[in-house]
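# Understanding the architecture of this molecule
This is what each chain is made of:
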Amino acid sequence: MDTLDTQLAPNAYQRATETVAYLRSELPDALKNPKVAIVCGSGLGGLAETIDPEPKVELAYAQIPNFPQSTVQGHAGKFVFGVIGPQKTPVALLVGRAHFYEGHTMDLVTFATRVCKVMGVETIIVTNAAGGLNQDYAVGDIVCLNDHLNLAGLVGIHPLRGPNVDEYGVRFPPLSDAYDLDLRKRAHKAWRELGLDKQKRRIHEGVYAFVAGPTYETRAECRMLRTLGADVVGMSTVPEIVVARHAGIRVLAFSLVTNSAVLEAGPRGDDANIQTMNKTDLDEHLGKGKATHEEVLEAGREAAKDMQALVKQILFNLHEG
């Protein structure tokens, strides 16, 4: 067995069970069996404020056995447990996530999702910051995902590679229903109930392209992804969703559009206008539309309140038929 196979089955379920035993030892009875988990993406850690102030327990990833550590700015790295809504639904929030590009294996990237399953989570809401490929999307818009392109998975970087973990699910899980239709319906209903349809920020449905990162995409790559049908692109989420669906967890996922990807072809060096520019002008011309992580975090801060309100309203309505 190679390194990846060794890290996956047969120990994936046992390690998650060990982690859950520790978590429950730190939690009051009311929080030991969360029914909903929320994954907070870049700049969206404020989602932890959607839950009631009491009871509430925060545990740093660093103190949790077997848990991977996030090294990315904007990812706090803590597990937050609490209750929300009139039914006092117990929830678990992952404030920050581990990414493949940080050097983690796919097993570790998705370990928190496996832990959620063992804890009894039935529904997971996954959020992320993403680049907008669809030119109808504006920075600050929210996209409710209805499908994905797992580009890394298609070439073998897949979270279910290796021996199947039967305690979670079947060997060949279908993904045609990955994004729960009932939950998406509730998301749009919640958007209207909050009056968010009356403001500038819009909600869409679209397809997320998962790429390994950590570089932002080139212009040609953006055009390719758009041609393939992707509306947004990012470096997370899909591995978590694959593992969640393998384990029978319902999925609702949102992308916050934090920058607009550049789809136009880059300037040519033999262009007559380019020939007359100095080095400073050339750098400025080529840099138009270039994405930065600071830009991602800032867009997250601006849209955080709407995203928090939306998630909270969806959770409030989950008990309805």
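Numbering of residues starts from 1 in each chain and follows the order in which that chain's sequence is written. Reporting in this predicted model follows two pLDDT cut-offs: at least 70 for local features of residues, and 80 or more for side-chain atom pairs to be given and counted; totals over whole chains, interfaces and linings ignore these cut-offs and use all residues. As a convention, hydrogens and water are excluded, and side-chain values are obtained from all of the structure's heavy atoms.

Looking now at the side chain of E217. Its location among the elements puts E217 in the loop between β7 (203-210) and α7 (219-227). Look at E217: it is buried, it has no salt bridge, and the nearest opposite charge is R219 at 12 Å. For this analysis, residues touch if any pair of their heavy atoms sits within 4.5 Å. Residues contacting E217, with those up to four places away along its chain left out, are V211, C222, L225, V233 and M235. Strands are runs of DSSP state E lasting at least 2 residues, helices are runs of H or I lasting at least 4, and numbering of each runs from the N terminus. Summary of the burial criterion: residues with accessible area below 20% of their type's maximum are buried, those above 50% are exposed, and those between are partly exposed, where the area comes from a 1.4 Å probe applied to protein chains only. A positive count includes Lys and Arg, and a negative count includes Asp and Glu. His and the chain ends are not counted in either. For salt bridges, the criterion is a side-chain nitrogen of Lys or Arg within 4 Å of an Asp or Glu carboxyl oxygen.

Let us look at helix α4 (residues 111-119). Taking burial as the measure, the nine residues of α4 include eight buried ones, the bulk of the element. For α4, the full list of buried residues reads F111, A112, T113, R114, V115, C116, V118 and M119. Where α4 ends, the next residue or the one after it, G120, has phi of about 105°, a positive value.

Before going further, it helps to spend a moment on the UniProt feature "binding site: phosphate" (unreviewed entry) in the protein. UniProt positions are given in the numbering used here, feature names are shortened, and annotations may be inferred rather than shown by experiment. Feature annotation in UniProt places "binding site: phosphate" (unreviewed entry) on S42, H75, R97, A98, H99, A129 and S236, given in this structure's numbering. Within the fold, A98 resides in the loop between β4 (89-95) and α3 (106-109). Judged by its relative accessible area of 9%, A98 falls in the buried class. Position of H99 relative to the elements: it lies in the loop between β4 and α3. Contacts described as polar in this section are N or O atom pairs within 3.5 Å, which, within protein, must combine one atom able to donate a hydrogen with one able to accept it, while residues neighboring in sequence count only if both atoms come from side chains. Within polar-contact distance, the side chain of H99 engages the backbone oxygen of R97 at 3.4 Å.

Time to look at the packing of aromatic side chains. The description of an aromatic ring pair rests on the distance of the ring centres and on the angle between the ring planes. We call Phe, Tyr and Trp rings a pair once their centres come within 6.5 Å, taking the six-membered ring for Trp, and we label the pair stacked below 30 degrees between planes, edge-to-face above 60, and tilted otherwise. This structure, assessed with the given rule, holds five aromatic pairs. With a centroid separation of 5.5 Å and an interplanar angle of 70°, the aromatic rings of Y13 and Y168 are classed as edge-to-face. Remark: Y168 occurs in the loop between α5 (151-154) and α6 (181-193) and Y13 occurs in helix α2 (residues 12-25); sequence separation between them is 155 residues. Residue class for Y13 comes out partly exposed when judged on its relative accessible area of 29%. Here Y168 falls in the buried class, since its relative accessible area comes to 7%. Geometrically, the ring pair formed by F67 and F79 is tilted, given 5.6 Å between the ring centres and 45° between the ring planes. Placement of the pair is F67 in the loop between β2 (57-60) and β3 (78-84) and F79 in strand β3, with a sequence separation of twelve residues. Pair check on accessibility: F67 and F79 agree, each one buried. Three or more aromatic residues joined by ring pairs form one cluster here, namely Y61, F67, F79, F81 and F111. Here, a charge over a ring means that NZ of Lys or CZ of Arg falls within 6 Å of the ring centre while also lying within 35 degrees of the ring normal. When the ring centre of Y168 is taken as reference, the NZ or CZ atom of R114 above it lies at 5.0 Å.

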